[in-house]
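Chain residues, written in single-letter form:
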2 protein chains.
Amino acid sequence: MSRERLYLFDTTLRDGAQTNGVDFTLHDKRLIAQLLDELGIDYVEGGYPGANPSDTEFFSQEQGLKSATFTAFGMTRRPGRSASNDPGLAMLLEAKADAICFVAKSSEYQVRVALETTNEENLASIRDSVGAAKAKGREVLVDCEHFFDGYKENPEFALSCAKTAYESGARWVVLCDTNGGTMPHEVETIVREVVKHIPGDHVGIHAHNDTEQAVANSLAAVRAGARQIQGTLNGLGERCGNANLCSMIPTLKLKKEFADKFEIGIPDEKLASLVQVSRTLDNILNRVPDPHAPYVGSSAFVTKTGIHASAVLKDPQTYEHVSPESVGNHRKVLVSDQAGRSNVLAALSRSNIVFEKDDPRLTRLIEEMKEREAGGYAYEAANASFDLLARRTLGKVPEFFRVEQFDVNVEQRYNSHGVRVTVAMAVVKVNVEGHVLISAAEGNGPVNALDVALRKDLGKYQKYIDGMKLVDYRVRILNGGTEAVTRVLIESEDELGERWTTIGVSPNIIDASFQALMDSVIYKLVKSNAPA
Amino acid sequence: MSRERLYLFDTTLRDGAQTNGVDFTLHDKRLIAQLLDELGIDYVEGGYPGANPSDTEFFSQEQGLKSATFTAFGMTRRPGRSASNDPGLAMLLEAKADAICFVAKSSEYQVRVALETTNEENLASIRDSVGAAKAKGREVLVDCEHFFDGYKENPEFALSCAKTAYESGARWVVLCDTNGGTMPHEVETIVREVVKHIPGDHVGIHAHNDTEQAVANSLAAVRAGARQIQGTLNGLGERCGNANLCSMIPTLKLKKEFADKFEIGIPDEKLASLVQVSRTLDNILNRVPDPHAPYVGSSAFVTKTGIHASAVLKDPQTYEHVSPESVGNHRKVLVSDQAGRSNVLAALSRSNIVFEKDDPRLTRLIEEMKEREAGGYAYEAANASFDLLARRTLGKVPEFFRVEQFDVNVEQRYNSHGVRVTVAMAVVKVNVEGHVLISAAEGNGPVNALDVALRKDLGKYQKYIDGMKLVDYRVRILNGGTEAVTRVLIESEDELGERWTTIGVSPNIIDASFQALMDSVIYKLVKSNAPA
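Since the structure is predicted, the reported quantities are computational estimates derived from the model, not experimental observations. (Residues numbered from 1 in each chain as written. Chains lettered and ligands numbered in written order. Predicted model: local features only at pLDDT ≥ 70, side-chain atom pairs only at ≥ 80, totals over all residues. Heavy atoms only, no water.)

## Section: the overall build of chain A
Selection criterion: Strands are runs of DSSP state E lasting at least 2 residues, helices are runs of H or I lasting at least 4, and numbering of each runs from the N terminus. Partly exposed describes any residue whose relative accessible area lies between the buried limit of under 20% and the exposed limit of over 50%, with all areas from a 1.4 Å probe on protein chains only and scaled to the type maximum. The contact rule is simple, with two residues in contact once any of their heavy atoms fall within 4.5 Å. All accessibility values rest on the Shrake-Rupley procedure with a 1.4 Å probe; residue burial counts only the protein chains present in the view. For the purpose of charge, His is not counted, nor are the chain termini; Lys and Arg are scored as positive and Asp and Glu as negative. Lys charges are placed at NZ, Arg charges at CZ, Asp charges at CG and Glu charges at CD.
Looking only at helices and strands, one finds 20 helices and 18 strands in chain A. Counting every position in chain A, which comprises 532 residues, the buried fraction comes to 61%. A fraction of 66% describes how many contacts in chain A between residues 6 or more apart in sequence connect residues 24 or more apart. Just so you have it, chain A exposes about 20000 Å², and 48% of that area is on carbon and sulfur atoms. Positive and negative side-chain charges in chain A, numbering 60 and 73 respectively, have mean positions lying 3 Å apart.

So, in structure tokens, the structure goes:
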């Protein structure tokens with residue numbers, strides 16, 4: 001039996017841009033549009049030309065997407081104006097996009113209170129706008145705003161808005177749960193009604209997550225006959241977000257019920273890039289990835305307790321609903337203070353460190369980890385520091401060099417021109433096999449200065465660390481306020497492109513950073529088999 | 001028509017404890033159990049006595065909960081042992097709890113692979129364990145692990161496990177979607193079958209969020225006849241979390257479809273404490289609250305764009321699905337670089353700063369905010385810094401004092417006993433109306449030292465700031481890696497118990513901290529009407 005085509009419409013760059021704390025630069029938008037195109041998304045809604053200068057500029061040039069339909073969003077013509085006399089509509093029509101997605105009212109209440117006009121004028125506005133866009137050769141979509149609330153209050157009017165859009169030539173009529181308050185069974189019932197009037201392959205769903213059911217609402221609409229799902233990457237969107245495409249794509253591709261019936265535009269090999277796509281968006285936006293995100297979260301396939309861990313190691317199917325690798329994720333059996341010996345042994349074997357199961361040093365390692373983690377260390381996040389801790393317990397880490405002393409200084413004053421300047425400088429005194437080396441460096445901040453000074457001259461070891469660089473620095477204050485302990489995570493990369501993460505914990509942020517920097521350097525020396 | 005009773009079972013302290021990165025101290029557990037009891041939760045699952053020392057201790061004393069049923073979790077007796085010869089079961093029976101919740105296998109596959117025993121032995125194990133607990137006067141619940149997968153694979157066996165539990169005297173038989181991979185309509189179909197064999201008011205649902213449908217699955221089970229929902233606060237739980245009680249409670253109380261049919265143990269006035277409960281858990285665990293969490297998230301009722309803002313200000317119903325105050329939240333019209341004038345005016349009036357709508361200085365303020373926010377400032381999080389920025393644009397902030405220079409030093413070395421010590425010291429030179437004051441201070445870190453030195457002697461202004469203290473310090477690195485810009489948020493509190501938040505942004509963390517500290521002090525002086 002052949003499968004039906006299901007279309008995915010991404011509004012990360014438009015609805016997602018309304019997220020509290022999110023702002024896309026023009027460059028960001030271009031990157032993300034490409035990312036979505038490569039993933040296999042059918043429609044990329046790039047923004048709202050005319051609403052702000054950045055979006056207007058984005059639509060002033062072709063984006064050259066290979067397969068996705070590049071879409072511009074905007075309002076239907078304003079009440080009381082003609083289509084040819086509406087500057088907002090004019091901007092939309094000028095936009096260099098393949099498609100236009102109009103947002104139209106479909107709730108009587110909204111028409112009256114928000115637009116302050118009549119039902120008839122609202123329908124005319126839909127008709128005129130769709131017609132104008134079709135005349136310009138655009139594919140047209142119409143987002144029926146507040147559709148479900150509107151339907152519950154006056155089903156005939158809501159339906160007439162949707163039908164007017166379809167009859168005027170819209171390729172898609174999208175039913176929006178704008179407030180996010182509709183329940184899945186309500187969505188299913190209402191969509192079933194709508195597809196009696198408009199063919200399901202012209203009906204879309206646009207859900208919001210205000211009751212934490214945006215995904216369920218979207219899938220319910222598909223079960224009821226809709227064939228387009230609108231959402232965002234990582235569930236971005238104002239308030240509680242839009243329907244999360246990263247949660248829905250794997251379900252559509254891997255769960256029998258959907259995979260047997262529907263085909264989406266994302267091929268299997270692209271599904272395996274989903275984790276990467278999700279992280280890329282977070283990196284662009286400087287957002288901390290949600291470790292608990294379904295499918296793509298770093299904890300999505302992580303088992304902590306001893307019981308689960310031994311079952312999973314026996315047979316992954318016991319606790320995994322899909323294979324992690326299919327979405328580019330991996331199984332992780334955690335190292336943590338709740339860990340049983342089996343967890344730690346598994347983590348150690350990943351680092352190629354071998355302990356016998358009954359080795360008393362293993363017990364000592366686990367005890368030390370529990371103690372340190374109680375104090376703020378988090379070894380599941382810092383693979384290289386865990387590695388070194390394990391090796392030290394085995395007595396296998398030489399003391400390549402010793403930092404006798406360091407001094408970090410930050411000074412702020414007015415310079416001779418009366419301009420306020422801030423200067424950071426560090427001095428590090430290192431003892432390499434009896435040779436005392438003193439290095440000084442400036443930096444854009446105290447940690448940067450310390451990092452540069454530390455790695456400036458390590459004598460015979462300098463050549464091993466020359467290719468290293470710090471690529472990420474993360475700080476977290478634990479226990480809040482004045483009793484705070486600072487946890488620093490540093491990610492380093494070397495000339496081979498290998499990356500590793502180290503950790504430091506202290507009430508003093510410079511000390512915490514120093515621990516992480518030291519572990520990073522020592523790890524590189526151990527990894528390079530530098531002669532001690 | 002009278003409503004049916006729906007029961008809420010919280011497993012934050014048991015299933016929630018398995019969250020990656022979460023560890024509860026004994027003190028934490030006591031606090032949270034009280035919190036849940038006061039909220040009106042029916043069952044509080046406190047943990048797994050025997051699994052770790054902390055949980056065993058937790059159950060060694062009565063908790064004295066006023067209305068919630070305090071519950072201990074554990075496994076049914078092991079295969080091949082008798083109930084009286086199973087140490088794990090013995091610990092459970094000794095636990096000072098009102099109820100025991102046994103986890104039992106209900107999937108043939110799990111019985112064979114994970115337990116390595118027979119179906120008959122599994123049923124006997126359920127029967128014996130429930131019997132033993134009933135004999136000791138406990139209320140009994142049975143979590144049928146992997147129920148939905150088990151039912152799909154062998155419905156008779158899964159059902160027999162559930163029926164055995166019920167017939168042996170369990171008050172509740174809880175159907176668990178342990179892998180989190182079941183779809184809501186499957187849950188609804190299967191639960192409808194189960195309640196033909198076991199009365200719905202003895203059937204519970206325990207869902208996981210691996211496809212982002214734990215809430216939908218829980219509500220679907222209720223629609224199908226189940227009358228207990230298991231979940232956690234803030235959706236805590238391993239992998240992608242358990243069903244989020246903070247998302248479900250308001251839906252059950254405020255959405256007609258549920259509120260008309262069901263009554264839960266949480267009275268209206270306690271519903272209004274939900275935001276507080278959610279934040280309290282995050283504070284205890286030092287977790288950053290999810291701003292986008294449904295109902296309780298700080299962004300759950302926040303509108304950013306000008307269009308939405310003006311509609312919401314006209315009539316909140318246009319964009320809100322429930323009233324924010326009912327859950328203890330509030331509507332926020334954001335100040336951000338996408339903000340229209342109306343947004344900023346609304347924020348200003350909250351600070352009692354009055355601008356005329358057409359005041360050119362308002363334009364200047366908005367422009368300056370956009371510029372600063374592009375550079376990393378985030379005024380929606382820093383009310384006091386926003387306040388000062390607005391007042392400065394109006395020319396209303398006197399220069400109480402001037403920091404001519406500061407110097408912050410962190411030194412690490414070995415002391416005379418060969419112990420590594422880290423010392424942080426700061427010197428600040430301040431000019432107060434021509435008087436130059438130099439103060440020095442030590443601290444547990446460079447920012448602490450700078451804070452103490454800055455506020456040590458401000459001459460005539462010292463009395464206004466004596467009651468101030470820093471209560472929270474948050475750091476975030478933006479733009480990652482070596483091009484990083486650091487954003488610091490500082491929350492301060494004074495002798496009146498008032499709190500305010502200030503912000504600083506710089507590549508240099510000390511400079512960023514200094515900006516936030518200065519704003520904090522100046523804000524206090526302005527607030528106190530200190531004479532300039």
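## Notes on helix α9 (residues 214-223) of chain B
Residues and elements named next belong to chain B. Among the 10 residues of α9, 9 are classified as buried, and the element is accordingly described as predominantly covered. Those residues of α9 that sit buried are Ala-214, Val-215, Ala-216, Asn-217, Ser-218, Leu-219, Ala-220, Ala-221 and Val-222. Looking one or two residues beyond α9, the residue adopting positive phi is Gly-225, at roughly 125°.

## Some remarks on the environment of Glu-498 of chain A
All names here are of chain A. Rules: Distance and chemistry together define a polar contact, namely a pair of N or O atoms within 3.5 Å, with one atom able to donate a hydrogen and the other to accept it when in protein, and with adjacent residues in sequence counting only for side-chain atoms on both sides.
Within the element layout of this structure, Glu-498 appears in the loop between β17 (485-493) and β18 (499-506). The contact partners of Glu-498, leaving out residues within four places of it in the chain, are Ser-492, Glu-493 and Lys-527. Polar side-chain contacts of Glu-498 include one of 2.6 Å to the side chain of Lys-527.

## Some remarks on the interface of chain A and chain B
Rule in force here: Note: buried area is the sum, over both parts, of the accessible area (probe 1.4 Å) each one loses when the two are combined. Salt bridges are defined as contacts in which a side-chain nitrogen from Lys or Arg sits within 4 Å of a carboxyl oxygen from Asp or Glu. Polar here means any residue outside two lists: the nonpolar Ala, Val, Leu, Ile, Met, Phe, Trp, Tyr, Cys and Pro, and the charged Asp, Glu, Lys and Arg; Gly therefore counts as polar.
Facing the 103 residues of chain A at the interface are 103 residues of chain B. Both sides of the chain A and chain B interface together cover about 8900 Å² of buried area, and 46% of this is carbon and sulfur. The tally of links from chain A across to chain B stands at 0 salt bridges. The tally of links between chain A and chain B comes to 23 residue pairs in polar contact (both at pLDDT 80 or more). Of all the elements, strand β13 (residues 402-414) of chain A adds the most residues to the side of chain A that touches chain B, at 13 residues. A per-class count over the side of chain A that touches chain B returns 38 nonpolar, 38 polar and 27 charged.

## Digging into unusual backbone geometry
All names here are of chain B. Here the phi dihedral of Arg-239 falls at roughly 55°; this positive angle occurs in a residue that is not glycine. Tracing the chain through its elements places Arg-239 in the loop between β9 (228-231) and α10 (245-254). Notably, Asn-529 is not glycine yet its phi reads approximately 55°, a positive angle. Inspection of the secondary structure puts Asn-529 in the segment after α20 (509-527). For Asn-529, a relative accessible area of 66% corresponds to the exposed category.

## Some points on the sheet that holds strand β5 (residues 99-105) of chain B
All names here are of chain B. What counts here: If DSSP finds at least two bridges between two strands, the strands pair. Structural elements are reduced to axes, namely lines fitted to C-alpha atoms, with helices fitted over the stretch in contact, and the angle between N-to-C directions of any two is expressed from 0 to 180 degrees.
Taking strand neighbours around the barrel as the criterion, the 8 strands line up as β2-β3-β4-β5-β6-β7-β8-β9 in a closed arrangement whose pairing is parallel. For this sheet, the mean inter-axis angle between neighbouring strands, taken without regard to orientation, is 25°. Where strand β2 (residues 7-10) lies against β9, 4 bridges are found, and the strand directions are parallel. Bridging across to β9, Leu-8 finds its partner in Ile-229. Here helix α7 (residues 155-167) sits on the sheet and contacts β5, β6 (139-145) and β7 (172-176); the angle it forms with β7, its principal contact strand, is near 160°.

## Describing the relation of the copies chain A and chain B
The line we're drawing: We place the copies in one frame by least squares, fitting the C-alpha atoms of every residue whose pLDDT is at least 70 in both.
Each copy superposes on the other: chain A lies on chain B with an RMSD of 0.4 Å after a rotation of 180° and an axial shift of 0.1 Å. On the angle and the small slide along the axis, the relation comes out as a two-fold axis. Among all C-alpha atoms of chain A, that of Asn-409 of chain A lies closest to the rotation axis, at 2.5 Å.

## As for the pairing of strand β15 (residues 435-443) of chain B
All names here are of chain B. As paired elements, strand β14 (residues 420-432) and β15 share 9 bridges and run antiparallel to each other. Residue Met-425 lies in a different strand from β15, and its bridge partner there is Glu-442. What sits between β14 and β15 in their antiparallel hairpin is a turn of 2 residues, with Glu-433 showing a positive phi close to 50°.

## Looking at helix α8 (residues 184-194) of chain A
Within α8 of chain A, 8 of the 11 residues are buried, which leaves it mostly tucked inside the rest of the structure. Here α8 of chain A has its buried residues at Pro-184, His-185, Glu-186, Val-187, Glu-188, Ile-190, Val-191 and Val-194 of chain A.

## Re the sheet that holds strand β9 (residues 228-231) of chain A
Residues and elements named next belong to chain A. With parallel pairing, 8 strands are arranged side by side around a closed barrel as β2-β3-β4-β5-β6-β7-β8-β9. Pairwise comparison of adjacent strand axes, ignoring direction, gives a mean angle of 25° for this sheet. Bridging between strand β2 (residues 7-10) and strand β3 (residues 43-47) involves 2 bridges; their strand directions are parallel. Along β3, the bridge assignment pairs Asp-10 with Val-44.

## Quick word on a nonpolar patch on the surface
As a reminder, the rule being used: Nonpolar side chains (Val, Leu, Ile, Met, Phe, Trp, Tyr) are joined into patches within 5 Å and like charges within 9 Å, using only residues with over 30% relative accessible area and no salt bridge.
A cluster of nonpolar side chains, Val-427, Val-436 and Ile-438 of chain A, forms an exposed patch at the surface whose accessible area comes to about 260 Å². Mapped onto the elements of the fold, Ile-438 of chain A is located in strand β15 (residues 435-443).

## Regarding the side chain of Asp-42 of chain B
Mapped onto the secondary structure, Asp-42 of chain B falls in the loop between α1 (26-39) and β3 (43-47). In this structure the side chain of Asp-42 of chain B is engaged in a polar contact, spanning 2.8 Å, whose partner is the backbone nitrogen of Leu-8 of chain B.

## As for the packing of aromatic side chains
Residue and element names in this part refer to chain A. Let me state the cut-off plainly: Each Phe, Tyr or Trp ring, with Trp reduced to its six-membered ring, pairs with another whose centre is within 6.5 Å; inter-plane angles below 30 degrees give stacked pairs, above 60 give edge-to-face pairs, and intermediate values give tilted ones.
For the structure shown, the criterion picks out 24 aromatic pairs over all chains. Ring geometry for Phe-58 versus Phe-70: centroids 5.3 Å apart, planes at 85°, classification edge-to-face. Here Phe-70 lies in strand β4 (residues 69-75) and Phe-58 lies in helix α2 (residues 53-58), a separation of 12 residues in the sequence. We classify Phe-58 as buried; its relative accessible area is 0%. Between Phe-400 and Tyr-461, the ring centres sit 5.3 Å apart and the planes meet at 80°, which makes this aromatic pair edge-to-face. Taken together, the residues Phe-400 in the loop between α17 (383-393) and β13 and Tyr-461 in the loop between α18 (446-454) and α19 (462-465) connect sequence positions 61 residues apart.

## Points about the environment of Met-468 of chain B
Residue and element names in this part refer to chain B. Tracing the sequence through the fold places Met-468 in the loop between α19 (462-465) and β16 (469-478). Considered as a pair, Met-468 and Leu-496 are 28 residues apart in the sequence and their alpha carbons are 9.3 Å apart. Beyond its immediate chain neighbours, meaning those up to four positions away, Met-468 contacts Arg-455, Ser-492, Glu-493, Asp-494, Glu-495, Trp-500, Ser-520, Val-521 and Lys-524.

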